[in-house]
Amino acid sequence: MKLQKSLTQNTDYIKSVLSSDDVTFLSLKIKETDAVLIFVNDLIDKNNVGELILRPMQEFSGAIEEKTLFQAFHSPEKKCVYTADEVVTDTLLGNALLLVDGLELAFSFGLKFFEKRAISEPPTSTVIKGPREGFVECLPVNVSLMRRRLKSPDLKFEYLTVGKYSKTPIALCYISTITDIKLVKNIKEKLKKIDIDAVLDSSYVSKLLVERKTSLFKQVGNTEKPDILAAKILEGRVAIFVDGSPIALSVPYLLVEDFQSASDYYNSPYSATAARSIRVLSVLFALFLPALYVAAELFHLQLIPLSFLLTIVNSIKGIPLSPSYEMFFTLMIFEILNEASVRMPKYVGMVVSIVGGLVLGETAVTAGIISAPTLMIVALSGICLYTVPELEQTFSVLRILFLIIAGATGLYGMLLAISALFIYLISFESFGSPVAAPFSPLIKEDLKDGFYKGFIQEMTYRPKSIKTTNKKRLGGQD
């Protein structure tokens, strides 16, 4: 509905839509002309309302028309809106709207004010060296953090609104001289097609953007640190900020990203390479060690060294469960303890972890329910799983699947399952970039920042696995 010249007609319609006690309709006068100021009580800075709107209204002496009134107000964020729907939307976003009798428009002033969390180090990405800033739930704050990192006119932000009821602001962030514009358009089209009641967190967007809806693997990257996101943007990715979420998304996503840590880029390449090697080995242990142990115990005893085999035989005497059931039972105990420690209050959760890990595990071994080697393997697998925390949920599911396959078919079935997993990853793409890059397809130049961390002087070009318009990052435009 377009705004009419009648103030009463406009106000009555907007009151019928915004019929809530926290929405204020303040009757005013500009000289002898009636006006109404509309705002949500808890979303507006009332001091600024007085200074930037009410005071100029009292001092106004010009003609009651659009141009002169617009120039009279001192608010740095102001615009004119011409429909009642825009008035409603802007009011709910925290703006103050001024309607004047005789004008077919409303003046919108950006005077938002609400409590927000202070910038602090995110709990998911702690570092010994390097920046400790983390994103917060406020979109303007997150945008400012990126502007502080990348002070370039080529850094662009594009805003959209998603959610029928939440009207959640979303910002796309990219560097226009690096990022492929087709990628930006593709993401914008996908976001505009989202039809959902509310977007309450960036995880909603990440699930709605992906092409393979049922995939176990991530298809969108995420981070809580501005320095990490700035580095991803400089490689040609597009960042997505969602108001109300401290986690920023990035596309396209490569699997190798989660094996990289922020501290890798602030330490020497040697220590970073060693750390990444440990992460890869840890993931292999976490995924395959329980399954290999069960397969060897059930089908391939000849693979176990004799001395270790004798130790296993002595430890499993009297155990009522078969090796596969025993391993599965122990893994379930570990997952239950992990879930309980996360869900319970902080200090109670610490007690549960200690009591469950030490007392319950020791008691189960002493009572002869599970064997000591099984407990040790599950504990080692669980610890190794958290060396790559971003993939912990995915690898937890895969670990159980490999265990079931190994218990049913032995090593041969397990090898087939691993082959199927590799084939799946090789055929997997995220917004036009192969997820398994730079290993499949093999891109030798990108290996300098894969599982091996090269010297910064060697990284002349941006990753070739991501489409960019400027390939060179050392020495200028290529």
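Provided above is the structure to which this section pertains.
Everything numeric in this text was worked out from a predicted model, so none of it was measured.

Peer 1: Can you explain helix H2 (residues 46-59)? Please cite residues and give values.
Peer 2: The end-to-end C-alpha distance of H2, which contains 14 residues, comes to 19 Å, matching closely the 20 Å that a straight helix rising 1.5 Å per residue would cover. Taken residue by residue, H2 has Val49, Leu52, Ile53, Pro56 and Met57 as its buried positions. Along its buried surface, H2 packs onto strand S1 (23-30), strand S2 (33-40), helix H3 (66-72), strand S4 (96-100) and strand S5 (106-109). Capping the start of H2 is the job of one residue whose side-chain oxygen sits 3.2 Å from the backbone nitrogen of Asn47: Asp45.

Peer 1: Hey, could you go over the sheet that holds S2 for me, with residue numbers and the actual values?
Peer 2: Strand order in this open sheet of five strands is S1-S2-S4-S5-S3, and the pairing throughout is antiparallel. Either end of the sheet is taken by a strand with one partner, and the two such strands are S1 and strand S3 (78-81). Adjacent strand axes in the sheet meet at a mean angle of 25° when their direction is disregarded. With four bridges connecting them, S2 and S4 associate as antiparallel partners. Each residue of the ladder has a partner; that of Leu37, found in S4, is Leu98.

Peer 1: An account of the pairing of S4 is requested, with residue identities and associated values reported.
Peer 2: With five of five residues buried, S4 is to be regarded as a mostly interior element. Residues Ala96, Leu98 and Val100 line one face of S4 and the alternating positions Leu97 and Leu99 line the opposite face, and both faces are buried. Summarising the sheet, S4 and S5 pair through four bridges and their orientation is antiparallel. Note that in S5 the partner of Ala96 across the bridge is Phe109.

Peer 1: Please set out empty space enclosed by the protein residue by residue, giving values where relevant.
Peer 2: The gaps left among the atoms become clear once a water-sized probe is rolled over them. Enumeration according to the criterion identifies one cavity of 30 Å³ or more in this entry. Reported here for the largest cavity is a volume of approximately 40 Å³. Lining the largest cavity are Val210, Glu211, Gln219, Glu429, Ser430 and Phe431. Of the residues contributing to the lining of the largest cavity, the split by class is two nonpolar, two polar and two charged.

Peer 1: Could you give me a rundown of the environment of Ile370, with the residues and numbers involved?
Peer 2: The topology assignment puts Ile370 in the loop between helix H12 (346-366) and helix H13 (372-385). Among the residues examined, Ile370 registers a relative accessible area of 2% and is labelled buried. Counting along the chain gives 96 residues from Ile370 to Ala274, while the straight-line C-alpha distance between them is 35 Å. Aside from chain neighbours lying at most four places away, what touches Ile370 is Ile319, Glu326, Phe329, Thr330, Ala364, Val365 and Leu375.

Peer 1: A description of the pattern of salt bridges should follow, citing residues and the corresponding values.
Peer 2: Pairing between side chains of opposite charge can happen when the charged atoms of each approach one another. Throughout the structure, instances matching the rule amount to 21 salt bridges. Linking Arg473 and Glu235 is a salt bridge whose minimum nitrogen-to-oxygen distance equals 3.9 Å. On the criterion of sequence distance, the pair formed by Arg473 in the segment after strand S12 (433-434) and Glu235 in the loop between helix H8 (226-234) and strand S9 (238-242) is long-range, its members being 238 residues apart. One salt bridge connects Arg279 with Asp264, and the closest N-O pair in it is separated by 3.0 Å. Of this pair, Arg279 sits in helix H9 (residues 269-298) while Asp264 is found in the loop between strand S10 (248-251) and H9, placing the two residues 15 residues apart along the sequence. Within the structure, one salt-bridge network assembled from shared partners comprises Lys232, Glu235, Arg237, Glu257 and Arg473.

Peer 1: For a nonpolar patch on the surface, give the residues involved together with the corresponding values.
Peer 2: Taken together, the side chains of Leu321, Tyr325, Phe329 and Ile369 make up a nonpolar region of the molecular surface, amounting to roughly 370 Å² of accessible area. Mapped onto the elements, Leu321 comes out in the loop between helix H10 (306-315) and helix H11 (323-343). With relative accessibility at 32%, the residue Leu321 sits in the partly exposed group.

Peer 1: Would you mind going over the packing of aromatic side chains in detail, with residue names and values included?
Peer 2: For the coordinates displayed, the defined rule picks out 10 aromatic pairs. With centroids separated by 5.0 Å and ring planes inclined at 70°, the aromatic side chains of Phe73 and Phe109 adopt a geometry described as edge-to-face. Of the two residues, Phe73 sits in the loop between H3 and S3 while Phe109 sits in strand S5, which places them 36 residues apart along the sequence. Ring centres of Tyr424 and Phe428 lie 5.3 Å apart, and the angle between their planes is 50°; this geometry places the pair in the tilted category. With a relative accessible area of 26%, Tyr424 lands in the partly exposed category. Cluster of aromatic residues (ring-pair linked, three or more members): Phe70, Phe73, Phe107 and Phe109.

Peer 1: Run through the sheet that holds strand S7 (residues 168-175), naming residues and quoting values.
Peer 2: Across the sheet, which stays open at both edges, the five strands sit in the order S6-S7-S9-S10-S8 with antiparallel pairing between neighbours. Each edge of the sheet is formed by a strand with only one pairing partner; in this case those strands are strand S6 (155-162) and strand S8 (221-223). Strand-to-strand twist across the sheet, computed as the mean angle between neighbouring axes with direction ignored, equals 25°. Against the sheet, helix H6 (residues 181-192) engages S6, S7, S9 and S10, with an angle of about 170° to S7.

Peer 1: So what's going on with unusual backbone geometry? Residues and values would help.
Peer 2: Look at the link from Val251 to Pro252: it is a cis peptide, with omega at -5°. Turning to its location among the elements, Pro252 is positioned in the loop between S10 and H9. Ala437 connects to Pro438 through a cis peptide bond whose omega is 10°. With respect to the element layout, Pro438 can be found in the segment after S12. Its identity as a non-glycine residue notwithstanding, Lys167 has a phi of 50°, on the positive side. Of note, Lys167 is situated in the loop between S6 and S7. Classification of Lys167 by relative accessible area gives partly exposed; the value is 36%.

Peer 1: Go over the packing of H11 against H13 with me, naming the residues and quoting the values.
Peer 2: Following both chains from N to C, one finds H11 and H13 inclined at 45°, their axes separated by 10 Å at the closest point. By the criterion of interaxial angle, the relationship of H11 to H13 is oblique. Along this stretch, H11 crosses H13, giving a crossing that reads as right-handed. Contact with H11, carried on its side by Glu326, Met327, Thr330, Leu331 and Phe334, involves Thr374, Leu375, Ile377, Val378 and Gly382 of H13 and no other residues of that element. In terms of residue class, the contact of H11 with H13 is made up of six nonpolar, three polar and one charged.

Criteria and cut-off values
- Residues numbered from 1 in each chain as written.
- Predicted model: local features only at pLDDT ≥ 70, side-chain atom pairs only at ≥ 80, totals over all residues.
- Heavy atoms only, no water.
- Helix = DSSP H or I, 4+ residues; strand = E, 2+ residues; numbered from the N terminus.
- Expected span 1.5 Å × (residues − 1).
- Buried < 20%, exposed > 50% of the residue type's maximum accessible area, 1.4 Å probe, protein only.
- Contact = heavy atoms within 4.5 Å.
- Polar contact = N/O pair within 3.5 Å; in protein donor to acceptor, adjacent residues only side chain to side chain.
- Pairing = 2+ DSSP bridges.
- Axes fitted to C-alpha atoms, helices over the stretch in contact; angles between N-to-C directions.
- 1 Å grid on protein atoms, 1.4 Å probe; cavity = no way out; pocket = protein on both sides within 12 Å on 5 of 7 lines; lining within 4 Å.
- Points joined across faces, edges and corners; volume = space filled by probe spheres on them.
- Nonpolar A, V, L, I, M, F, W, Y, C, P; charged D, E, K, R; others polar.
- Salt bridge = Lys/Arg side-chain N within 4 Å of Asp/Glu carboxyl O.
- Patch = residues over 30% accessible without salt bridge, like charges linked within 9 Å, V, L, I, M, F, W, Y side chains within 5 Å.
- Areas by Shrake-Rupley, 256 points an atom, 1.4 Å probe, with all protein chains shown as cover.
- Phe/Tyr/Trp six-rings, centres within 6.5 Å; stacked < 30°, edge-to-face > 60°.
- Parallel < 35°, antiparallel > 145°, perpendicular 65-115°, else oblique.
- Left-handed = near helix turned anticlockwise from the far one by under 90°.

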